[in-house]
Amino acid sequence: GQNSDDSNEGEWKIVFYAGHFSFEKPEDYEDSGLYWMREDGSGKEMLVSETELVMGRKRETVYDALLSPDGRKVAYTTTHGNGILIYDLETKQITELAGGFSPSWSPDSQQVAYISSTDITSDGVLLYEARIVDLLTRDKQTVIASRDIIMEPKPNTGYFWDIAWSPDGKQW
């Protein structure tokens, strides 16, 4: 997405998480957080700290940070699968959106597709669903479930990991 700040009109920004995998001391959190920078590597800026991103939960980290196509929000997940969270770049607010992982923005930035772990069978098969959530209404729609496509699931395995929209938003 492009930055909406008039002073940087037309400059592409790259969003990324930087931090530590071992949080042994409080100072390990100091430089951990969500950053962005220009595509040439200049203008690196921390947007929000690790502590804020994980909403005060200890021993968490962020992954799957993804800038919305309109450049106004960042979707991300946390290590313990607490769900998809949205960081609003304009209001600086964090909102928990849905339980799941692997977020993917619709081209119009109005919906997020994601994967959700739904159940585990008695023989250890992990069941997943691909879902879409509308940012405005919070309505969720299941698109497909792993049980609908896997004929002979094996114990301790998962089948959905990534999801993506087509550029026109009509398929993913």
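Since this is a predicted model, take the numbers as computed values, not measurements. The residue count restarts for each chain, going from 1 along the sequence in the order it is written. Predicted model: local features are reported for residues with pLDDT of at least 70 only, side-chain atom pairs are reported and counted for 80 or more only, and whole-chain, interface and lining totals are derived from all residues. The side-chain numbers reported here are obtained from all heavy atoms of the structure, hydrogens and water having been left aside.

A few words on the packing of aromatic side chains. Two rings belonging to Phe, Tyr or Trp (six-membered ring only in the last case) form a pair when the distance between their centres is within 6.5 Å. Interplanar angles under 30 degrees mark stacking, angles over 60 mark edge-to-face geometry, and anything in between is tilted. Overall, the coordinates contain 1 aromatic pair when judged by the stated rule. Taken together, a centroid distance of 5.5 Å and an interplanar angle of 10 degrees make the contact between phenylalanine 16 and tyrosine 35 stacked. Linking phenylalanine 16 in strand 1 (residues 13–18) with tyrosine 35 in strand 2 (residues 33–38), this pair joins segments that are 19 residues apart in sequence. Only DSSP runs of H or I covering at least 4 residues are called helices, and only runs of E covering at least 2 are called strands; the numbering of each starts at the N terminus.

Time to look at the nonpolar core. Remark: nonpolar core denotes a set of buried residues (Ala, Val, Leu, Ile, Met, Phe, Trp, Tyr, Cys) joined through side-chain atoms within 4.5 Å. For every residue, the accessible area obtained with a 1.4 Å probe (protein chains only) is divided by the maximum for its type, and the residue is called buried under 20%, exposed over 50%, and partly exposed between those limits. Formed by 15 residues in total, the largest nonpolar core has its most connected members in Leu34, Leu53, Val74, Tyr76, Tyr87, Leu89 and Ile94. Residue assignment for this core shows that the elements contributing at least two residues are strand 1, strand 2, strand 3 (45–49), strand 4 (62–67), strand 5 (73–78) and strand 6 (84–88). If sequence neighbours within four positions are ignored, leucine 34 has contacts with Val15, Phe16, Tyr17, Glu45, Met46, Leu47, Val48, Leu53, Ala65, Val74 and Tyr87. In this structure, Ile84, Ile86, Val112 and Tyr114 belong to the second largest nonpolar core, which totals 10 residues. Here, residues are in contact when the closest pair of their heavy atoms is within 4.5 Å.

On to the sheet that holds strand 7 (residues 94–98). Two strands form a pair only when DSSP identifies at least two bridges running between them. Taking strand neighbours across the sheet as the criterion, the 4 strands line up as 4-5-6-7 in an open arrangement whose pairing is antiparallel. Edge strands, defined here as strands with exactly one partner in the open sheet, are strand 4 and strand 7. When the angles between neighbouring strand axes are averaged without regard to direction, this sheet yields 30 degrees. Where strand 5 meets strand 6, 5 bridges bridge the pair, whose relative direction is antiparallel. Helix axes use the C-alpha atoms of the stretch in contact, all axes being lines fitted to C-alpha atoms, and the angles between their N-to-C directions lie in the range 0 to 180 degrees.

Another point: the pattern of salt bridges. Each reported salt bridge corresponds to a side-chain nitrogen of Lys or Arg within 4 Å of a carboxyl oxygen of Asp or Glu. Under the definition given, this model contains 3 salt bridges. Linking arginine 72 and glutamate 90 is a salt bridge whose minimum nitrogen-to-oxygen distance equals 3.5 Å. A residue pair is termed long-range when its members are at least 10 positions apart, and arginine 72 in the loop between strand 4 and strand 5 and glutamate 90 in the loop between strand 6 and strand 7 qualify at 18 residues. Of the residues examined, arginine 72 reaches a relative accessible area of 40% and is grouped as partly exposed. Residues aspartate 88 and lysine 73 are paired through a salt bridge, measuring 3.4 Å at the closest nitrogen-oxygen approach. Placement of aspartate 88 in strand 6 and of lysine 73 in strand 5 is noted, with a sequence separation of 15 residues between them. Residue class for lysine 73 comes out partly exposed when judged on its relative accessible area of 25%.

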